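Each chain is listed here by its residues.
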Amino acid sequence: RGSPRIAMSVVASATSPGSVVSPRATRVLSRRVAPTARRPTVRVNAGEANDDDQELDFVTRMVMNVFGKDALDDPEPMGLKRMTKEEWPDQWPALVDGTVATLLPTDDTPELKLARAVCKQTQLEFQPLGLAYDANTHGWRASSFHTQLDGQGAAVLVATAADGTVFGGYNPKGWLGYGEWLDAISAFLFVYPRGPLGVGGGGEAVKLAKCGGSGMAIIDEDDKGPKWGPDGLQIDLENKVARSRLGTYYDKMPGGGRSMFDKSMFGGASVGGGGGAAQLRELRVYVALGDSEKAKNYVPNMFQFGKGELENLRENDPKPGQPRGDGGGFKMPKM
């Protein structure tokens, strides 16, 4: 049995900056002072004494156990470069604390301003955005949607319901139309509330992060409109209808509502009067204009398409204006 003196010694060492508690000491600590026990912490910048402590994640703890504590002071221990939110924002869950992205000079329309605001901590945050798809111009058809967007990369969709409500979603992976169910922990949905503090009144968007892990964040089907999860947000382009059910793949509304169009957010009336569905008036999708410096210099790993490989794979895809199902699309290579 450990004595009180030993327990107090462990407490002192565990609360000292930069200390590491041994497994045996941790067991003693958990028995004696369980209410205040903490895991080892490390400062984000070891040289800045005023920085807040941050708990070590699983990978960082593993690196420390394998390479030693000093490895945490090296930005590339043993050649392993540590990811940061600034460099790889889409490797982290969506930021839903109300922080908005700074407007760029190219955000010259009211809708672009709304789209920019929700792009905080995404790969599109500092990229000029361009219109890639406008349903009223290119057609309310899934085929038109994929013709305009397949292969364009990360995108933000902005839709307007018949009653003026603005909502949409962020897709960090983009669309290809291959029938994939894409993992994306940074994907999210958003909706701007109406009323005095709604659109145009300085109100902030309600952002709904991916929940239940990263799986099935985006459903990318060739003959269907965009879908965030099997049920988070489904866009039926042909019928100009959006449907939403929350809580399984995307967070519920702040008041617990299970739809983006929940009446509690809209002055007591559901969007379009339909509860979990809304009629659409407009729908546009924005993508980055050009590549970031990181994208230009990125070298694909062994599991990703190399330069030109995806283009070669898709050379038989239908061209813009060409009907689908006429023999175009992916073809198995000849052996």
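Structure report, in brief. (Residues numbered from 1 in each chain as written. Predicted model: local features only at pLDDT ≥ 70, side-chain atom pairs only at ≥ 80, totals over all residues. Heavy atoms only, no water.)

1. Some points on the overall build of the protein chain
Part 1 of the reasoning: In terms of regular secondary structure, the protein chain is built from eight helices and 13 strands.
Part 2 of the reasoning: Counting the 335 residues in the protein chain, one finds 38% classified as buried.
Part 3 of the reasoning: Restricting to contacts in the protein chain with at least 6 residues of sequence separation, those with at least 24 account for 57%.
Part 4 of the reasoning: Here the protein chain has roughly 19,200 Å² of accessible surface; of this, 54% comes from carbon and sulfur atoms. (Helix = DSSP H or I, 4+ residues; strand = E, 2+ residues; numbered from the N terminus. Buried < 20%, exposed > 50% of the residue type's maximum accessible area, 1.4 Å probe, protein only. Contact = heavy atoms within 4.5 Å. Areas by Shrake-Rupley, 256 points an atom, 1.4 Å probe, with all protein chains shown as cover.)

2. Some words on the environment of Asp-90
Part 1 of the reasoning: Here Asp-90 lies in the loop between helix H3 (58-67) and helix H4 (110-117).
Part 2 of the reasoning: By relative accessible area, Asp-90 is classed as buried at 14%.
Part 3 of the reasoning: When the C-alpha positions of Asp-90 and Gln-121 are compared, they lie 7.3 Å apart, and in sequence the two are 31 residues distant.
Part 4 of the reasoning: Leave out the neighbours within four places in its chain, and Asp-90 touches Gln-121, Thr-122, Gln-123, Tyr-170, Pro-172, Ile-185 and Ser-186.
Part 5 of the reasoning: A distance of 2.9 Å separates polar atoms of two side chains, one belonging to Asp-90 and the other to Tyr-170.
Part 6 of the reasoning: There is a polar contact of 2.9 Å between the side chain of Asp-90 and the side chain of Ser-186. (Polar contact = N/O pair within 3.5 Å; in protein donor to acceptor, adjacent residues only side chain to side chain.)

3. Description of unusual backbone geometry
Part 1 of the reasoning: Look at Met-216: it is not a glycine, yet its phi comes out positive at around 55 degrees.
Part 2 of the reasoning: With respect to the secondary-structure elements, Met-216 resides in the loop between strand E8 (206-209) and strand E9 (218-220).
Part 3 of the reasoning: Assessed through its relative accessible area of 22%, Met-216 is described here as partly exposed.
Part 4 of the reasoning: Although it is not a glycine, Lys-240 adopts a positive phi angle of roughly 55 degrees.
Part 5 of the reasoning: Along the chain, the position of Lys-240 falls in the loop between strand E11 (233-236) and strand E12 (241-243).

4. Quick notes on the side chain of Thr-122
Part 1 of the reasoning: By the secondary structure assignment, Thr-122 is in the loop between H4 and strand E3 (129-134).
Part 2 of the reasoning: Other than its neighbours up to four places away in sequence, Thr-122 contacts Pro-89, Asp-90, Tyr-170 and Phe-188.

5. A closer look at the nonpolar core
Grouped burial of nonpolar side chains is what soluble globular proteins tend to show.
Part 1 of the reasoning: Counting 37 residues, the largest nonpolar core has Phe-167, Trp-228, Leu-233, Tyr-250, Met-260, Leu-283 and Val-285 as the members making the most contacts within it.
Part 2 of the reasoning: The set of elements that each furnish at least two residues to this core consists of E3, helix H6 (142-149), strand E4 (155-161), strand E7 (188-192), E8, E11 and strand E13 (277-288).
Part 3 of the reasoning: Sorting elements by how many residues they give to this core places E13 first, with five residues.
Part 4 of the reasoning: Ignoring anything within four residues of it in the chain, the contact list for Leu-283 reads Tyr-133, Asp-134, Ala-135, Trp-140, Leu-157, Val-158, Ala-159, Ile-235 and Leu-237.
Part 5 of the reasoning: Within the second largest apolar cluster, 19 residues are counted, among which are Cys-119, Val-156, Phe-190 and Tyr-286. (Core = buried A, V, L, I, M, F, W, Y, C linked by side-chain atoms within 4.5 Å.)

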